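Summary of structural features
Take a look at the letters that make up each chain.
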Amino acid sequence: MYVGIDLGGTNIAAGVVDDNGKILCQASLPTKADRGAEAIAKDMAELAKRVIADSGLTEKDIKAIGVGSPGSVVNSTGTIAYSNNINMKNFPLGDIIRSYVDLPVNLENDANAAAYGEYAINGKGSECFVFITLGTGVGGGVIIDGKLFRGFNGCGAELGHTVIEHGGEQCTCGRKGCWEAYASVTALIRQTKEAMEKNPESLMHALAEKEGKVSGRTAFDAAKQGDSAAQEVVDQYIRYVADGIVNMVNTFQPTKIVIGGGISKEGDYLLNPIREFVKANDYNKYLEKTEIEIATLFNDAGIIGAALAAKSEIE
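Residues numbered from 1 in each chain as written. Predicted model: local features only at pLDDT ≥ 70, side-chain atom pairs only at ≥ 80, totals over all residues. Heavy atoms only, no water.

Digging into the packing of aromatic side chains
The following threshold applies: Any two rings among Phe, Tyr and Trp, with Trp reduced to its six-membered ring, count as a pair given centres within 6.5 Å; such a pair is stacked if its planes are under 30 degrees apart, edge-to-face if over 60, and tilted if neither. Distance and angle both matter: a charge sits over a ring if NZ of Lys or CZ of Arg is within 6 Å of the ring centre and within 35 degrees of the ring normal.
Applying the stated criterion to the full structure yields five aromatic pairs. Put simply, the rings of Tyr116, Tyr119 and Phe129 touch in pairs and so form one group of aromatic residues. Sitting over the ring of Tyr269, Lys224 keeps its end group 5.2 Å from the ring centre.

As structure tokens, then:
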């Protein structure tokens, strides 16, 4: 048995996970990200203890704790080099958790952890597996021959910060034109609002008013009901997503790419045009093609991936 902890800017989630990636028990609590890092680390350890106890197990039954954390992670030392979502800089998160729970702790970037979870459940047998999550930003992870690709300094596979439009939209990383600035749900909401301003008669207005906000679903829902302005937003957004995926295919030629994040719940409405675009535009014209699928673990990917990544590190 392993414990997986998914540290987010809003919530900390943890669960006891077995060898096969099944969550036996899980719980969460608010991160309260504006407080000190040590207090957050203590809560993570206490939450780990809680899910172990709630599972009817003891710490002796647990082989390791895996943590997925936002930011730049140094796996070899269990340190958060820097996280802008949670105030951590050169913070020894692994050591702090170990001071409360006497178990090995493996630390991964949160997107890498989620990627490993999807790989473990949906990608076994893939020589190269790429996971992309479309959310507040565009995150991702790459697994090659069963091992997470971290780069020499732990910052590898920042897929959202490849540029698809030179000098384009400002990205939070400081560059302009990053894939994240066009293909994230944050970007989709911006694109939807811009289209709504230009099209006051669009159904998007009524749907946003009903929901109380403009969300990543607004344009998709309106497009499905025949709204032409919304359809333009959806078509352009899918093109941005697909442009980045072509780059991933051309870079890695992975066996499989899996797309996660809330917008992935659009299913085939999102996936089929992406597949068509990639097939028409990737470099590989004559060999076997990369499979492109929708993720299946959703919010559980971080817990499962953190736990199973810890398992892979101690085996």
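Following the structure, the description resumes.
Overview of the side chain of Ser202
Note the threshold: The secondary structure listing takes helices from DSSP runs of H or I that are at least 4 residues long and strands from runs of E that are at least 2 residues long, numbered from the N terminus. Any pair of N or O atoms that falls within 3.5 Å is considered a polar contact. Within protein, one atom must be able to donate a hydrogen and the other to accept it, and sequence-neighbouring residues count only if both atoms are side-chain atoms.
Inspection of the secondary structure puts Ser202 in the loop between helix H5 (185-198) and helix H6 (203-211). Polar side-chain contacts of Ser202 include one of 3.1 Å to the backbone nitrogen of Met204.

Some thoughts on the pattern of salt bridges
This is how it is decided: Whenever a carboxyl oxygen of Asp or Glu lies within 4 Å of a side-chain nitrogen of Lys or Arg, that contact is scored as a salt bridge. Residue exposure (1.4 Å probe, protein chains only): buried if accessible area is under 20% of the type maximum, exposed if over 50%, otherwise partly exposed.
Counted by the stated rule, this structure contains 14 salt bridges. Glu46 is paired through a salt bridge with Lys49; the nearest N and O atoms lie 3.9 Å apart. Of this pair, Glu46 and Lys49 both sit in helix H1 (residues 37-54), three residues apart, which is roughly one turn of that helix. Using a relative accessible area of 34% as the deciding quantity, one classes Glu46 as partly exposed. For Asp221, the salt bridge goes to Arg217, with nearest N and O atoms at 3.7 Å.

Some remarks on the nonpolar core
Spelled out, the test is: Nonpolar core, defined: a set of buried Ala, Val, Leu, Ile, Met, Phe, Trp, Tyr and Cys residues in which side-chain atoms within 4.5 Å join the residues together. By definition, residues are in contact when any of their heavy atoms lie within 4.5 Å.
In this structure, Ile132, Ile245 and Ile274 are the most contacted members of the largest nonpolar core, which totals 44 residues. Element by element, the count of residues in this core is highest for helix H8 (residues 228-252), at 12 residues. Residues within four places of Ile132 in sequence aside, it is in contact with Val138, Gly139, Gly140, Leu159, Trp179, Ile245, Met248, Ile257, Val258, Ile259 and Gly260. Core analysis: the second largest hydrophobic core is formed by 33 residues, Leu47, Ile62, Ile80 and Ile96 among them.

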